[in-house]
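Residues per chain, in single letters:
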Protein chains: 2
Amino acid sequence: MEKIDLLVSGPHFFTMNGDGVGYEADHAMAVDRGKIVALGPRAPMLSQYTAERVLDAGHHAVLPGFIDAHMHIADCIMRGLAQDTAHWMMYGLAPFFHQLDKDTMLLAAKLAVVEGVRAGTTTFGEFSRAPGKICELFRNTGVRGRVTATIREAVSRIYHPGELYEYDAARGQRMLEECLDLSHTWDGGADGRITILFGPQGPDFVSRELLLEIQRCAEQSGSLIHMHTQQGDRETAQTMMRYGKRPVAWLDEIGYLDERLIAVHLTDATEDEAALVARRGASMTLCSGSIGIIDGIVPPAKAFQDAGGNVALGSDQSPGNNNHNIFNEMKLTALFNKIKYRDPEVMPAWKVLRMATIEGARAIGLGDEIGSLETGKKADFILVDLDTPTMAPVITKPMRNIVPNLVYAARGDEVTHAVVDGNIIYENGKLAGLDWSEILPEITDAAGNLAARATADFNAVKGTNAQLMRTGKL
Amino acid sequence: MEKIDLLVSGPHFFTMNGDGVGYEADHAMAVDRGKIVALGPRAPMLSQYTAERVLDAGHHAVLPGFIDAHMHIADCIMRGLAQDTAHWMMYGLAPFFHQLDKDTMLLAAKLAVVEGVRAGTTTFGEFSRAPGKICELFRNTGVRGRVTATIREAVSRIYHPGELYEYDAARGQRMLEECLDLSHTWDGGADGRITILFGPQGPDFVSRELLLEIQRCAEQSGSLIHMHTQQGDRETAQTMMRYGKRPVAWLDEIGYLDERLIAVHLTDATEDEAALVARRGASMTLCSGSIGIIDGIVPPAKAFQDAGGNVALGSDQSPGNNNHNIFNEMKLTALFNKIKYRDPEVMPAWKVLRMATIEGARAIGLGDEIGSLETGKKADFILVDLDTPTMAPVITKPMRNIVPNLVYAARGDEVTHAVVDGNIIYENGKLAGLDWSEILPEITDAAGNLAARATADFNAVKGTNAQLMRTGKL
């Protein structure tokens, strides 16, 4: 008998190997020193291996941990404070956003990690204004972090329509330096669980020169660039004014659309523009929930995939989504695209499940390490209870109904275990590194204080939510 | 001190009184003999009443129980067996649907009741082929049932495009008789929790004569008519061939669009047609999830409301939705309509919360009895835990974030209690009248047997799901 750390056995494995969901019945998976060392039919596996810990997935689906490729978890403390409003950024978010301090951001991040892991997320693609603290949090809670430090050159102030953003080269340089420092400190940290990306905030917020400098830095450190790209009409107006080109066309001109780029949102991109980005080798992150709430738009992910590109899913942020739950993103992605194309066969369940796992892993540059259950890969996986009133009944012949139900029926509370690098980070309703009952009062206090500080601005802005509040709608 | 059955006290009551959400802070609600007898500020209420049972909603929202106005719960055993497919009815559902027997339907109904109540549904608007058994189930589990018996005159066989449905008058009469029998037996049953509606399956499936006879019967018994209306191009093709008119125009001609009609779906209706139905006084049930999956369409509920009509929400059925969860319907309704109109202010959270409660109650003719927390109304309500990682943090000033989070963040598992007629039917994760661990094996067995019987048809149809199964996508 070979000694290993962990053995998982169960009736339903969705490995994501091949071009489908890689289903294997009655299998077992051997995990040792953080990696998958074998996966095969249950009986021979059980006689070959003896494990420190055995996970019995007797009425569960075992699948790769979900990848949430684009998040602002430090905003999670503002959950529910900005939605159902036009001009989300200025009239919804801004009054609260301006009051966020680093301590509050860390509490918010803890909330989002608890929420995300409970719903099966094992890789957190954080785009951050407080990346150092968040790397520590990821280290301590055992999740995988693909962390991006924001780099922004535009001066933060109110701009009127038609006014070009003012660049502050010193600010841009300082933020790039911080990103480089973060990369030196954290890239490959926590046994490789944490990796650092470069995050120009968008082609409108960073000058051509700095964008190209960031690209050189990313090349040198072998990192990727994670950037909001063509995320709306404000961005498009800026690049039109400054360069006479829409964002995608301009990024193409400066050679930015390549394998190094993860283009987030593409909200405002045409299908042709999306296809161009894909053909150049970049990948895309799709945030269906947040773009649905904020803009009422379904971004061109299907065109991106049709052109050969990989698309990851992202939950974005809680003051306009309002959750970090990849089950939610899978379902919304499938449904929104059926509606967009008025075709029920568009974005089937298996496709969005791949976007949450192997296609997402490829999109964020971790396709060789995670995203599928395969010998040699890191052991990031989750167990989903199928004996629940939301997933029952399980049917296997003549058709298996598990994948459609994972996408269209599951709520997220069916996840019983989450494992990262072979470590069980979530079981029995508890996240190993964070005690919910301990952090909840701190989060509530901090949220109340933040909201109090934002009151004057909230009232001054006279946004839709202030009106809804006055008229008894909230 | 006045003695009562039940007292609920907590920080957040959403009564739905007025034209918003009727928020009341730090209130208590007194319930006696099934009705709400008082609702007021906590301190005086606590000194006025002494209750058999006190429910401490200390970190909860208290709100009216959800109304799921259109369901086929007897289909729930086919969850996940038909979606991502064109021609849902014929190529997706039919192979399995034809194998449903009454015993299996009852098991399916039990599954749906457990699922629905756990997610806050207290009123089940069942449209049924096995209504008698389902009335018994509703009686035994304590939920409120608005049960419709299906009446269909068209012969059940395969029709080719362009072929008019053949009517069997005897069949129609027999089904009407059954509906009348059901009404005699069950209308007002279980202490008034169960009421019976008349359910012509659709204007294409029932002749003009029988439709009018049904209308007379409904008038005589003071019931409403619950009918699939303009639910798709097949229906429209039938009424065009038979009457030279689209369904809504034809129903208007025969005087069917009035206060007695609950028009379900209106999938294929234009905004003008929807507005006409509303102006005539009929109400609408919107099944966002199922119509999204099956057709990729967002029905014209907004136009219906803009014309003054009431719209209820419905979860429809599980082989193409794939769940019975009104939180899901609220969220999808809000998001789908934002996308349809490309406007983030369309269908705000408070509006869809009203559709799940008071507007829904009005739409199904129970607006004077349930749907809001008001003295004299029946005590149907739920408690939603706000101290969860999905609902935290709770913010009350300058803006309350609870309603947006109920709609956009809640998964359904935040519901801790469901109360109908003042009886607590769900608490501690258990539904009083149904033991999940007992019924699960029966449901699983029955589902397996159903699927086995459907295998030949499933393979013969060669539908999309058969192809997905063959190619490793399921």
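Residues numbered from 1 in each chain as written. Chains lettered and ligands numbered in written order. Predicted model: local features only at pLDDT ≥ 70, side-chain atom pairs only at ≥ 80, totals over all residues.

S.K.: Explain the overall build of chain A to me, please; I cannot follow it from the model alone.
M.R.: When helices and strands are tallied, chain A shows 18 helices and 17 strands. Its C-alpha atoms give chain A a radius of gyration of 22 Å, within 12% of the compact-globule value 23 Å for 474 residues. For the C-alpha atoms alone, the extent of chain A along its principal axes is close to 70 × 50 × 50 Å. The buried share of chain A, reckoned over its 474 residues, is 65%. (Helix = DSSP H or I, 4+ residues; strand = E, 2+ residues; numbered from the N terminus. Rg over C-alpha atoms; globule rule 2.2 N^0.38 Å. Buried ≥ 20, exposed ≤ 12 C-beta atoms within 10 Å, placed from the backbone.)

S.K.: In this structure, what is going on with the relation of the copies chain B and chain A? I would like to understand it.
M.R.: To go from the first copy of the chain to the second, apply a rotation about an axis and then a shift along the same axis. Expressed as a screw operation, the relation of chain B to chain A combines 0.0 Å of axial shift with a rotation of 180°, fitting to an RMSD of 0.0 Å. Taken together, the rotation and translation relating the two chain copies correspond to the operation of a two-fold axis. In terms of proximity to the rotation axis, the leading residue of chain B is R411(B), whose C-alpha is 2.8 Å off the axis. Interface residue correspondence from chain B to chain A reaches 100%, placing this contact among same-surface, isologous pairings. (Least-squares fit on C-alpha atoms with pLDDT ≥ 70 in both. Contact = placed C-beta atoms within 7 Å.)

S.K.: Before we go on, may I ask you to explain the interface of chain B and chain A in this structure?
M.R.: The figure often quoted for interface size is the accessible area lost as the parts come together. At the interface, 78 residues of chain B touch 78 residues of chain A. Every element with two or more residues in the side of chain B that touches chain A is listed here: α3 (102–118), α11 (288–295), α13 (326–341), α14 (349–356), α16 (402–408), α17 (436–461) and α18 (464–470) of chain B. The dominant element in the side of chain B that touches chain A, judged by the number of residues it contributes, is α17(B), at 10 residues. Class assignment of the residues belonging to the side of chain B that touches chain A gives a composition of 41 nonpolar, 22 polar and 15 charged. (Nonpolar A, V, L, I, M, F, W, Y, C, P; charged D, E, K, R; others polar.)

S.K.: Can you help me understand the packing of helix α11 (residues 288–295) of chain A against helix α13 (residues 326–341) of chain A in this one?
M.R.: Between two packed helices, what matters for the description is the angle formed by their axes and the separation of those axes. All names here are of chain A. One can describe the packing of α11 onto α13 by two numbers: an axis separation of 8 Å at closest approach and a directional angle of 60°. Between α11 and α13, the contacting residues are S288, G289 and G292 on the first element and N328, E329, L332, T333 and F336 on the second. The residue makeup of the contact of α11 with α13, split by class, is two nonpolar, five polar and one charged. (Axes fitted to C-alpha atoms, helices over the stretch in contact; angles between N-to-C directions.)

S.K.: What's the story with the domain arrangement of chain A in this structure? I'm lost.
M.R.: Residue and element names in this part refer to chain A. By the assigned domains, chain A splits into domain 1 (2–64 + 375–429) and domain 2 (66–363). Of note, the centres of domain 1 and domain 2, computed from C-alpha atoms alone, are 30 Å apart. Taken residue by residue, the interface counts 22 residues in domain 1 and 24 residues in domain 2. Of all the elements in the fold, those that place two or more residues in the side of domain 1 that touches domain 2 are β5 (60–64), α16 (402–408), β15 (415–420) and β16 (423–427). (Domains from an automatic or database assignment.)

S.K.: Explanation requested: α17(B) in the structure shown.
M.R.: For the α-helix, the turn length of 3.6 residues means that residues three or four positions removed from each other point alike. Residue and element names in this part refer to chain B. If you look at α17, its biggest bend is around 50°, right at A454. Those residues of α17 that sit buried are L440, I443, A446, A447, L450, A451, A454 and F458. Contact partners of the buried residues in α17: α2 (88–97), α3 and α18. K462, located one to two residues past α17, shows a positive phi value of around 50°. (Bend = angle between axes of the 7 residues up to and from the residue.)

S.K.: Teacher, can you tell me more about the environment of A432(A) here?
M.R.: All names here are of chain A. On the secondary structure map, A432 appears in the loop between β17 (430–431) and α17 (436–461). The class for A432 is partly exposed, based on 15 C-beta atoms found within 10 Å. Note: C-alpha distance between A432 and P200 (232 residues apart in sequence) is 33 Å. Sequence-distant contacts of A432, that is, excluding residues within four places in its chain, are made with G142 and I425.

S.K.: For this particular structure, what's the right way to read the nonpolar core?
M.R.: Burial of nonpolar side chains together is a common tendency in soluble globular proteins. The biggest cluster of nonpolar side chains holds 335 residues, and the ones touching the most others in it are A109(A), V277(A), A109(B) and V277(B). Ignoring any residue separated from it by four or fewer positions in sequence, one finds A109(A) in contact with I73(A), A74(A), C76(A), I134(A) and L137(A). (Core = buried A, V, L, I, M, F, W, Y, C linked by C-beta atoms within 7 Å.)

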